[in-house]
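# Understanding the architecture of this molecule
Given next are the chains, with one letter for each unit.
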Amino acid sequence: QVQLVESGGGVVQPGRSLRLSCEASGFTFSNHAMQWVRQAPGKGLEWVAGVSSDGTNKFYADSVQGRFTISRDNSKNTLYLQIYSLRTEDTAVYHCAREARGTCIDYWGQGTLVTVSS
Amino acid sequence: AIRMTQSPSSFSASTGDRVTITCRANQDISTSLAWYQQKPGKAPNLLIYAASTLQSGVPSRFSGSGSGTDFTLTISCLQSEDFATYYCQQYYTYPLMFGQGTKVEIK
């Protein structure tokens, strides 16, 4: 079955950097575009970044453009999100998600919590 | 960016009720719309895609309709396990956008 397992979250000071990882299994990772979606405590879902199946095309929300970098290693079935210059408003659960071919997100990981606090 | 607006933001209902949630896009997205259900502390779960196609394994009491800019999610007979928050999402173009969510609470 499809599994997406995020890691790398934690408590981080403002201005620091962090790299999140998402290990995928149960499907052919290299066939699917992948997304990162976050959810601040008590708030709704916010899409932050997406990457095409081959890693060539990358997309970002305006709110994170220039500070977040999405990447993937298809040989390791792993998706990454590098976050620079963390802000308190980046505090959220970060979900890795699989895009069904050419359509919507069909599977989500449980998420990893990032808390930005001094 | 395409903006998605859901209504209402929350409401109370009883088991057995028929409920409808509305989602509006600020520009034409054809049928590139999905609905998700999220329960506290859990990841979202895909219910409907392509505006009206039921995801495998989702009960048939859930249905979706609409195209262009106006969409609805209907639960024909609310069950106890349906009390949750529901989100619409457009995938017509990047940036992907979610509605703000609709929380369905027990009356």
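A quick note: this is a predicted structure, and the numbers were derived from the prediction, not measured.

Cut-offs and rules
Residues numbered from 1 in each chain as written. Chains lettered and ligands numbered in written order. Predicted model: local features only at pLDDT ≥ 70, side-chain atom pairs only at ≥ 80, totals over all residues. Heavy atoms only, no water. Helix = DSSP H or I, 4+ residues; strand = E, 2+ residues; numbered from the N terminus. Rg over C-alpha atoms; globule rule 2.2 N^0.38 Å. Buried < 20%, exposed > 50% of the residue type's maximum accessible area, 1.4 Å probe, protein only. Contact = heavy atoms within 4.5 Å. Areas by Shrake-Rupley, 256 points an atom, 1.4 Å probe, with all protein chains shown as cover. Lys, Arg positive; Asp, Glu negative; His and termini not counted. Charge placed at Lys NZ, Arg CZ, Asp CG, Glu CD. Pairing = 2+ DSSP bridges. Axes fitted to C-alpha atoms, helices over the stretch in contact; angles between N-to-C directions. Salt bridge = Lys/Arg side-chain N within 4 Å of Asp/Glu carboxyl O. Buried area = accessible area lost by both parts, 1.4 Å probe. Polar contact = N/O pair within 3.5 Å; in protein donor to acceptor, adjacent residues only side chain to side chain.

## Notes on the overall build of chain A
When helices and strands are counted, chain A shows zero helices and eleven strands. When its helices and strands are written in sequence order, chain A yields β-β-β-β-β-β-β-β-β-β-β. Taken against the 2.2 N^0.38 rule, which gives 13 Å for 118 residues, the C-alpha radius of gyration of chain A at 13 Å falls within 12% of a compact globule. Once the C-alpha set of chain A is aligned to its principal axes, its extents read approximately 40 × 25 × 25 Å. For chain A, the proportion of its 118 residues judged to be buried stands at 50%. In chain A, the share of contacts with a sequence separation of at least 24, taken over all contacts with a separation of at least 6, comes to 53%. For chain A, the accessible area works out to roughly 5,400 Å², and carbon and sulfur atoms hold 42% of it. Positive and negative side-chain charges in chain A, numbering 11 and 10 respectively, have mean positions lying 4 Å apart.

## As for the overall build of chain B
Of the regular secondary structure elements, chain B holds zero helices and eleven strands. For chain B, the sequential pattern of α-helices and β-strands runs β-β-β-β-β-β-β-β-β-β-β. Against the 2.2 N^0.38 benchmark of 13 Å for 107 residues, chain B shows a C-alpha radius of gyration of 13 Å, consistent with a compact globule. Summarising the internal contacts of chain B: among those between residues at least 6 apart in sequence, 58% fall at separations of at least 24. Accessible area for chain B stands at about 4,800 Å²; split by element, carbon and sulfur atoms hold 44% of it. Each charge sign in chain B was given a centre, from 8 positive and 6 negative side chains, and these centres are 4 Å apart.

## Examining the sheet that holds strand S3 (residues 18-25) of chain A
All names here are of chain A. Taken together, four strands build an open sheet; the order of strands is S1-S3-S8-S7 and the sheet is antiparallel. Two strands in the sheet have a free side with no partner beyond their single neighbour: strand S1 (3-7) and strand S7 (68-73). Sheet twist, expressed as the mean angle between neighbouring strand axes with direction ignored, is 15 degrees. Where S3 meets strand S8 (residues 78-83), six bridges bridge the pair, whose relative direction is antiparallel. Each residue of the ladder has a partner; that of Cys-22, found in S8, is Leu-79.

## With respect to the pattern of salt bridges
All names here are of chain A. Considering all chains together, one arrives at eight salt bridges over all chains under this definition. Here Arg-38 ties to Asp-90 by a salt bridge, and the two come within 2.9 Å at their closest N and O atoms. Taken as a pair, Arg-38 in strand S4 (residues 34-39) and Asp-90 in the loop between S8 and strand S9 (92-99) lie far apart in primary sequence, 52 residues in all. Overall, the relative accessible area of 5% leaves Arg-38 in the buried class.

## Concerning the interface of chain B and chain A
If you look at the interface, chain B gives 17 residues, while chain A gives 18 residues. Summed over both sides, the interface between chain B and chain A buries roughly 1,500 Å², with carbon and sulfur atoms accounting for 67% of that surface. If you look at where chain B meets chain A, you find zero salt bridges. Inspection of the region where chain B meets chain A yields four residue pairs in polar contact (both at pLDDT 80 or more). Of all the secondary structure elements, the ones that give two or more residues to the side of chain B that touches chain A are strand S4 (33-38), strand S5 (45-49) and strand S9 (85-90) of chain B. Looking at the side of chain B that touches chain A element by element, the count peaks at three residues for S4 of chain B.

The values reported here are purely geometric and, on their own, carry no functional implication.
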